[in-house]
Amino acid sequence: MVDAKEAGQKTGRTKTLADRVHSMDRRYMWWFLTILVATMLVIDISIPLKIGDETKEFVTFMDSFKRGSVILFSNDNTVTVNNVIGEACTATMRYLLERGVKIVFMSLRQDGVSLTLASLRSIPTVDRFKYGVDYVQFGYYAGDTRVVAALQRDVWGTLGADVRGTACKDIPLMQNIKQCTDFAAWIESGGGSQFTFYINNWSVPYNVPGACIQTAANLPDMTTWYRNRLLNGFVSDQTGSAALSRVLGYPSGLGRILNAQSAAHVLLIALILVGNLLYVQEKLRNQRREK
Amino acid sequence: MALATLRSREIVVIILAFCGLAVLADYFVRIPVLRTAVDELKVWAVLIAAFATGVGFFGYARRTIIKTRAREPGWPVLIYGVILAIVMSYFGIFYGVEGTGYSWLFNYVLQSVRTATVALGTPFIFSAALRAFRARNLDAVLFLIAGVLLMLYNAPIGEVIWSGFPVVGQWILDVPQTSVNRALMILTGLGLAAYGIRYIVGFEEMAAER
C-alpha cells in the first residue's frame with residue numbers, strides 16, 4: 001500500500017485528491033463493503049423483484065410435460081454455484097415431482113450428486129415420491145460432452161448403475177429409457193457451459209427440448225441460445241431463482257441476499273464512477289501542465 | 001522395443017483417425033454396424049474419462065511423495081490433501097454418497113470451506129473491477145458503459161433507480177451481444193472442425209509425442 005505522503009513525495013508535486021484516493025488504505029473499502037452487505041442481510045428493504053420472460057417461459061416449458069413423462073435433470077452445480085442457483089434447482093425438482101413428472105438425476109460435476117440429495121431432502125413433500133419409480137439418482141460422470149454424446153443412444157450402457165448400485169435394468173423408472181429420445185426433455189443446472197453439451201448432442205440432432213438454470217456469468221450464452229430457440233427458457237442467477245420461487249408460489253430465502261447483492265452492485269458502480277472522475281480529472285490536469 | 005512401437009506416431013494417428021472418422025461419419029450416414037461401433041466408442045470415452053480421474057489422484061499422491069521427500073514448501077498441505085481424499089473416497093466407496101459420513105463431510109466441511117474460499121475472493125474481484133473499468137480509451141469507455149448497464153440490469157435495484165435500465169440491459173443482451181456471440185459461435189465451430197480434421201490426419205502435435 002503506497003502512503004499518500006509518499007506518493008506526493010515520489011512525484012515531487014502537491015498531493016491531489018486522486019493521489020489521496022489511490023493511496024487510501026483499501027481495508028476501509030473492504031470494511032465498508034462488509035458492513036453494507038451485513039446491514040442488508042439484517043434489514044429488509046424489500047426491493048421489488050422483476051420476473052423476466054425467460055423465467056416465465058421456463059415455467060411454461062415445465063407445464064408442457066405430461067404426467068408420467070421422464071426428464072433428465074443434469075445437476076452440474078458446484079458448491080459455490082449452488083449458493084446462487086440452488087433454490088431454483090430445488091424449486092424445479094419439487095414442482096416437477098408434484099406435477100407427476102419423473103426425474104432421472106445425474107451430474108457432470110463431482111458436487112452435483114450430494115447437492116441433488118440435499119435439494120431433495122429439503123423438499124417438504126419428498127416422502128410422497130418413491131425412489132426408483134418417481135425419481136432415480138445416478139452419480140457423477142467424468143468426461144463432460146463425451147458423456148452427453150454417449151447418452152444419445154445408450155443410456156443404460158453409459159449410466160450403468162445408480163448411486164445405490166442398482167443396475168439400470170433393475171430400476172422401474174429406467175425400463176423404457178434406452179436412448180435420449182425417450183426423455184421428454186432435459187434440464188441442466190450449473191455454472192459452466194454444460195447446457196451447450198445437451199443442445200449440441202440432444203436438442204440439435206434428436207430434437208429433445210431443454211432448458212437451464214445458470215449463474216449470471218452465462219447470461220450472454222443463455223440469451224443467445226434462447227434467441228436461437230434452442231433453449232426453452234432459463235433461470236439466471238439469484239434474481240432468476242427468487243423470481244422462479246415467486247412464480248411457483250414457494251417461499252424464497254433469497255430476498256435479503258438480493259438486497260445485499262444490489263447494495264454491493266451500487267457501491268461498486270459508485271466506486272467505478274468516482275475512480276473514473278478522478279482519473280479524467282488527473283488526465284486533464286496533466287495535459288494542461290504539459291501545455 | 002514393443003512399447004516404442006506402440007507409442008509410434010503412425011499407430012496413434014491410425015487409432016485417432018479411425019475413431020474420429022467413425023464418429024464423424026455416423027453423424028451423416030446411417031449404417032447399423034458403424035452405429036454400434038460408434039456407440040461402443042462413446043461409452044469407452046466415458047470409461048476412459050472416469051479412469052483418468054483415478055489416475056489424477058495417483059498423480060497427485062506421487063507428486064506429494066516427491067515434494068514431501070524434498071521437503072519443498074507447502075508439503076504438509078499436500079499430505080493433508082491426500083489424507084482428505086482418502087477419507088472422502090473411503091466413505092464414498094464403502095458407505096455410498098448417501099451415507100452419513102460422506103454427507104457430513106460434504107455438508108459441514110467441504111461446502112463451508114469452498115463457500116468461504118470464494119467469499120474471500122470478493123475483495124479481489126472488487127479491486128479488479130475497479131481497475132478494469134477505467135476509461136482509458138474508447139474501447140474501455142464502451143466496456144464501462146455496457147458493464148455498468150448490465151450490472152444494473154442484473155441486480156433488482158436497477159429497476160428501482162430507473163425503469164429503463166432493464167430495457168436497455170435486455171437490448172444489449174438481445175441485439176449487440178447475441179449477434180456478436182452468434183458470429184463467434186459459428187467461427188468457433190468452423191475452427192474446431194478444422195482443428196479436428198488436422199488432428200485426425202496427424203497434422204497436429206499429439207500427446208504421445210510429448
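## Digging into the overall build of chain A
At step 1: Within chain A, the secondary structure is distributed over twelve helices and six strands.
At step 2: Relative to the globule expectation of 19 Å for 291 residues, the C-alpha radius of gyration of chain A, 25 Å, shows a markedly less compact shape.
At step 3: With respect to the principal axes defined by its C-alpha atoms, chain A has extents near 80 × 40 × 35 Å.
At step 4: Out of the 291 residues in chain A, the part that is buried amounts to 46%.
At step 5: Taking the contacts inside chain A whose residues are at least 6 apart along the sequence as the reference set, 71% of them involve residues at least 24 apart.

## Digging into the domain arrangement of chain A
The extent of an interface is frequently quoted as the accessible surface area lost upon association of the parts.
At step 1: One can read the domain layout of chain A as domain 1 (4–43 + 256–290) and domain 2 (53–253).
At step 2: On a C-alpha basis, the centroid separation for the pair domain 1 of chain A and domain 2 of chain A is 42 Å.

## Some points on the sheet that holds strand β3 (residues 135–140) of chain A
Residues and elements named next belong to chain A.
At step 1: The parallel open sheet is built from six strands, whose spatial order is β3-β2-β1-β4-β5-β6. At either margin of the open sheet sits one strand with a lone partner, and together these are β3 and β6 (234–236). Direction aside, the axes of adjacent strands within the sheet are offset by 15° on average.
At step 2: Note: strand β1 (residues 70–76) against strand β2 (residues 102–107), five bridges, orientation parallel. Across the sheet, the residue bridging to Phe 73 is Phe 105, located in β2.
At step 3: Sheet contacts for helix α5 (residues 79–98): β1, β2, β3, β4 (185–190), β5 (210–214) and β6; angle to β5, the most-contacted strand, approximately 145°.

## Description of helix α5 (residues 100–120) of chain B
At step 1: A rise of 1.5 Å per residue sets the reference length of α5(B), with its 21 residues, at 30 Å; its end C-alpha atoms lie 29 Å apart and thus fit the reference within 8%.
At step 2: The principal kink in α5(B), of about 30°, is found at Phe106(B).

## Some details on the confidence of the model for chain A
Should the pLDDT be low somewhere, the predicted coordinates at that spot are not to be read in detail.
At step 1: The predicted model of chain A has a mean per-residue pLDDT of 90, with 95% of residues at 70 or higher.
At step 2: Residue range residues 1–5 of chain A is modelled with pLDDT below 50. Its contacts to residues more than four positions away, or to other chains, number eight contacts.

## A word on the packing of helix α2 (residues 9–28) of chain B against helix α9 (residues 164–200) of chain B
All names here are of chain B.
At step 1: It is at 8 Å that the axes of α2 and α9 come closest, and there the two elements cross at 140°. When the axis of α2 is compared with that of α9, the two are oblique. Across from Leu 16, Ala 17, Gly 20 and Leu 21 in α2, the residues of α9 making contact are Gly 196, Tyr 199 and Ile 200.
At step 2: In terms of residue class, the contact of α2 with α9 is built from five nonpolar, two polar and no charged.

## Some remarks on the interface of chain A and chain B
At step 1: Listed by partner, the interface residues are 50 residues for chain A and 43 residues for chain B.
At step 2: In terms of residue count, the dominant contributor to the side of chain A that touches chain B is helix α12 (residues 255–290) of chain A (13 residues).
At step 3: For the side of chain A that touches chain B, the per-class residue count stands at 26 nonpolar, 15 polar and nine charged.

## A word on the nonpolar core
Residues and elements named next belong to chain A.
At step 1: If you look at the biggest cluster of nonpolar residues, it comprises 84 residues, and the most contacted ones within it are Ile 71, Ile 103, Val 104, Trp 186 and Phe 234.
At step 2: If you tally residues by element for this core, the top one is α5, at nine residues.
At step 3: If near-sequence neighbours (up to four positions away) are discounted, Ile 71 is found in contact with Phe 65, Leu 96, Val 101, Ile 103, Phe 183, Ala 184, Ala 185, Trp 186 and Ile 187.

## A word on unusual backbone geometry
Residue and element names in this part refer to chain A.
At step 1: A positive phi is found at Arg 229, a non-glycine position, where the angle reads about 65°.
At step 2: As for its position among the elements, Arg 229 is in the loop between α10 (219–227) and β6.
At step 3: Take Arg 229: there are 9 C-beta atoms within 10 Å of it, and that puts it in the exposed class.

Reading the values: rules and limits
Residues numbered from 1 in each chain as written. Chains lettered and ligands numbered in written order. Predicted model: local features only at pLDDT ≥ 70, side-chain atom pairs only at ≥ 80, totals over all residues. Helix = DSSP H or I, 4+ residues; strand = E, 2+ residues; numbered from the N terminus. Rg over C-alpha atoms; globule rule 2.2 N^0.38 Å. Buried ≥ 20, exposed ≤ 12 C-beta atoms within 10 Å, placed from the backbone. Contact = placed C-beta atoms within 7 Å. Domains from an automatic or database assignment. Pairing = 2+ DSSP bridges. Axes fitted to C-alpha atoms, helices over the stretch in contact; angles between N-to-C directions. Expected span 1.5 Å × (residues − 1). Bend = angle between axes of the 7 residues up to and from the residue. pLDDT = per-residue confidence, 0-100. Parallel < 35°, antiparallel > 145°, perpendicular 65-115°, else oblique. Nonpolar A, V, L, I, M, F, W, Y, C, P; charged D, E, K, R; others polar. Core = buried A, V, L, I, M, F, W, Y, C linked by C-beta atoms within 7 Å.

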